[in-house]
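Report on the structure
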Amino acid sequence: MSKNKIFIFANMLIFSIFIMSCSSQEYTTAKLAIQQSDFSKASEWLPKAMEVEPDNPEIPMVMAIEIHAQNEDWNEMIALFDRAMGINSEKVVEIRGAFISVKDAVSNYVEFYWAKEFNDGVAQFKKMQDDPENKQDYLQLAINHFTNAAIINPSDANTHATLAKCYLDKGDNNSAVDAVLVAVAKNPDSFEANFSAAQILGRTGSSSEEILLYYEKATEIEPSNSKALRELAGVYYDLGKKEKSIQVFENAISNEENDTTKADLYFNLGVIHNQMNNFEAAELAFDEAFFLNEEDFEAALGMARSYEGLGDNYLNGTSGFEEDKNEASRWFRKAEKKIKSVMVIDIENKEFSKNIVQRAKADDNNSDHVGSPLPGQVAKVFVKAGNKVIKGD
């Protein structure tokens, strides 16, 4: 062995002896017990060491890791971490042969044990998929692990939100609501926490007014999140705030990249415009929806409804339109053609065809019924009793 190596080894030995000599008899006894894996003896002497050395943050750190973490007593572990931090968070201590500050050690071990419990919870979901018959058992195990993770790192909003979803899946609505509200309280600026709160509150029967606050906060945190914007627009719509709903839908459309999702957004926008008698805007929205998703036959029917609305405006001279029966007739014909086109392009859709067949038909024995080749309701009657009607009218 070279002289340098002997010198370094000697220094390390002297340093270790010095450290041991600075420790109380109680702490020295506890550390020797840990080295010998006699954790029962260590758990007996570490509390005595803390009484003798109340200003030494290393002792509660060692007891937290070597005793309580091994026994999965997470509340006790965190309590001792807090105690060590309260004594001196900057002091360098020895933990399992490594010298590290109390602050860094707490951070590292909290992250390690949190990740272990959280991942164990996630693993239960995989078991649920492989063994659905025992879903409730795996779900309870997942709840146990996520609860532990929340104890270890109570500031992690995602843990509380995930725990809330587990409770919801289990049918425990009260616990789901409690958990998700804790998530928001722990991290009020978390998108995940606020979005989850809105969704879970909505599924557990809360009012639109209660839900609105959380969706608004979520979109404030992530203003380009199209999913949150869709939900917010829907809540505004439910509350009768249609102008705001339109504004949010348009914002969501501008931030959405998926064509199918964007088509749905345009469709919803068209529905609102139709209800507000903004038929021209509705036509444009439904047209975009159908352009992006040619299988969206409801969008085509929405366009037909917009045409019909424009026809109404020309027929009655309402909504700023001048009365013009020819123009009204033109829009009604467009509506009819659009409905026919939907029936033609969806002829292979058996469900769609079945739905048409199942619609109410004219009753031959009822003189008030008039048969029609198209499904739906009569929008306008252009003749009165006694008028002469010829073929093609």
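Residues numbered from 1 in each chain as written. Predicted model: local features only at pLDDT ≥ 70, side-chain atom pairs only at ≥ 80, totals over all residues. Heavy atoms only, no water.

Topic: the overall build of the protein
Test applied: Runs of E in the DSSP output that reach at least two residues are strands. Runs of H or I that reach at least four are helices, and both are numbered from the N terminus. The rule is simple: take the accessible area with a 1.4 Å probe, protein chains only, and divide by the maximum for that residue type; under 20% is buried, over 50% is exposed, in between is partly exposed. Each accessible area is a Shrake-Rupley result for a 1.4 Å probe, and residues are judged covered by the shown protein chains and nothing else.
Secondary structure summary: the protein contains 18 helices and two strands in total. Sorting the 393 residues of the protein into buried and exposed places 39% on the buried side. Here the protein has roughly 23200 Å² of accessible surface; of this, 50% comes from carbon and sulfur atoms.

Looking at the pattern of salt bridges
Note the cut-off: The salt bridge definition used is simple: a Lys or Arg side-chain nitrogen within 4 Å of an Asp or Glu carboxyl oxygen.
This model, assessed by the stated rule, comprises 15 salt bridges. Glu117 is the partner of Lys116 in a salt bridge, and the nearest nitrogen-oxygen pair spans 3.6 Å. Judged by its relative accessible area of 34%, Lys116 is partly exposed. Lys217 serves as the salt-bridge partner of Asp189, at 3.3 Å between the closest nitrogen and oxygen. Of this pair, Asp189 sits in the loop between α9 (173–186) and α10 (191–203) while Lys217 sits in helix α11 (residues 208–221), placing them 28 residues apart in sequence. For Asp189, a relative accessible area of 52% gives the class exposed. Judged by relative accessible area, which is 23%, Lys217 ranks as partly exposed. Salt bridges linked by common partners bring Glu72, Lys116, Glu117 and Asp120 together as one network.

Concerning the pairing of strand β1 (residues 92–95)
Filter applied, for reference: Note: two strands are recorded as paired if DSSP finds a minimum of 2 bridges between them.
The alternating pattern of β1 places Val93 and Ile95 on a buried face and Val92 and Glu94 on a face that is not buried. Bridge count between β1 and strand β2 (residues 98–101): four bridges; the pairing is antiparallel. Residue pairing for β2: Val92 is matched across the bridge by Ser101. Where β1 folds back on β2, the antiparallel hairpin that results is connected by two residues, among which Arg96 adopts a positive phi of roughly 55 degrees.

Regarding the packing of helix α15 (residues 279–292) against helix α16 (residues 297–316)
Using the following cut-off: Note on definitions: angles span 0 to 180 degrees between N-to-C directions of axes, and those axes are lines fitted to C-alpha atoms, for helices only across the stretch in contact. Roughly parallel refers to an angle under 35 degrees, roughly antiparallel to one over 145, roughly perpendicular to one between 65 and 115, and oblique to any angle outside these ranges. Crossing handedness: left-handed means the near helix sits turned counterclockwise from the far one by under a right angle, and right-handed means the same turn made clockwise. The criterion used for residue contact is that any of the two residues' heavy atoms lie within 4.5 Å.
Running from N to C, α15 and α16 point in directions that differ by 160 degrees, and their axes come no closer than 8 Å. One element, α15, and the other, α16, form an angle in the roughly antiparallel class. By crossing handedness, the relation of α15 to α16 is classed as left-handed. Along its contact with α15, which presents Phe279, Glu280, Ala282, Glu283, Phe286, Asp287, Ala289 and Phe290, the element α16 presents Phe297, Ala299, Ala300, Gly302, Met303, Arg305, Ser306, Tyr307, Gly309, Leu310 and Asn313.

Quick look at the packing of helix α8 (residues 157–170) against α10
To characterise two packed helices, one gives the angle between the axes of the helices and the distance between these axes. Our working definition: Gly is placed with the polar residues, together with every amino acid not listed as nonpolar (Ala, Val, Leu, Ile, Met, Phe, Trp, Tyr, Cys and Pro) or charged (Asp, Glu, Lys and Arg).
Running from amino to carboxyl end, α8 crosses α10 at an angle of 15 degrees, the nearest separation of the two axes being 9 Å. The orientation of α8 relative to α10 falls into the category roughly parallel. Viewed along their axes, α8 and α10 form a crossing whose handedness is left-handed. Contacts between α8 and α10 involve Ala157, Asn158, Ala161, Ala164, Lys165 and Leu168 from the former and Glu192, Ala193, Ser196, Ile200 and Arg203 from the latter. Looking at the contact of α8 with α10, its residues break down into six nonpolar, two polar and three charged.

Topic: α11
What sets the pattern is the α-helix's 3.6 residues per turn: residues three or four places apart point alike. To be explicit about the condition: Helix span, expected: 1.5 Å multiplied by one less than the number of residues in the helix.
For α11, built from 14 residues, the straight-helix expectation of 20 Å at 1.5 Å per residue is met to within 8% by its first-to-last C-alpha distance of 20 Å. Buried within α11 are the following residues: Ile211, Leu212, Tyr214, Tyr215, Ala218 and Thr219. Taken together, the buried residues of α11 touch α9, α10 and α12 (226–238).

A few points about the environment of Arg230
Positionally, Arg230 belongs in helix α12. Residue contacts for Arg230: discarding those within four places in its chain leaves Phe249, Ala252, Glu256, Thr261 and Leu265.

Some details on the packing of aromatic side chains
Spelled out, the test is: The aromatic pairing rule takes the rings of Phe, Tyr and Trp, using the six-membered ring of Trp, and pairs them if the centres are within 6.5 Å, calling planes under 30 degrees apart stacked, those over 60 edge-to-face and the rest tilted. Note on geometry: a ring has a charge over it if NZ (lysine) or CZ (arginine) is within 6 Å of the ring centre and within 35 degrees of the ring normal.
Per the stated rule, a full pass over the model turns up eleven aromatic pairs. Relative to Tyr113, the ring of Phe112 has its centre 5.0 Å away and its plane inclined at 75 degrees; by these criteria the two rings are edge-to-face. For Tyr113, a relative accessible area of 5% translates into the label buried. Between the aromatic rings of Tyr314 and Phe321, the centroid separation amounts to 4.9 Å while the plane-to-plane angle is 80 degrees, which identifies the pairing as edge-to-face. Taking the relative accessible area as the measure of exposure, Phe321 reaches 18% and is therefore buried. Through a chain of ring-to-ring contacts, the aromatic side chains of Trp74, Tyr109, Phe112 and Tyr113 assemble into a single cluster. The side chain of Lys48 reaches across the aromatic face of Trp45, ending 4.3 Å from its centre.

Overview of unusual backbone geometry
The phi dihedral of Glu72 falls on the positive side, at around 60 degrees, and the residue is not glycine. A relative accessible area of 44% places Glu72 in the partly exposed class. Positive phi, normally seen in glycine, also occurs at Asn277, with a value near 60 degrees.

Comments concerning the confidence of the model for the protein
Filter applied, for reference: As a per-residue measure, pLDDT reflects the predictor's confidence and takes values from 0 up to 100.
For the protein, per-residue confidence averages 82 on the pLDDT scale, and 81% of positions sit at 70 or higher. Below pLDDT 50 for its whole length, residues 5–21 participates in five contacts with residues either more than four positions away or in separate chains. Here residues 367–384 scores under 50 on pLDDT; set against residues more than four positions off or in separate chains, the count is 21 contacts.

Some points on the environment of Glu51
Tracing the backbone shows Glu51 in helix α3 (residues 39–52). Considered as a pair, Glu51 and Glu26 are 25 residues apart in the sequence and their alpha carbons are 9.4 Å apart.

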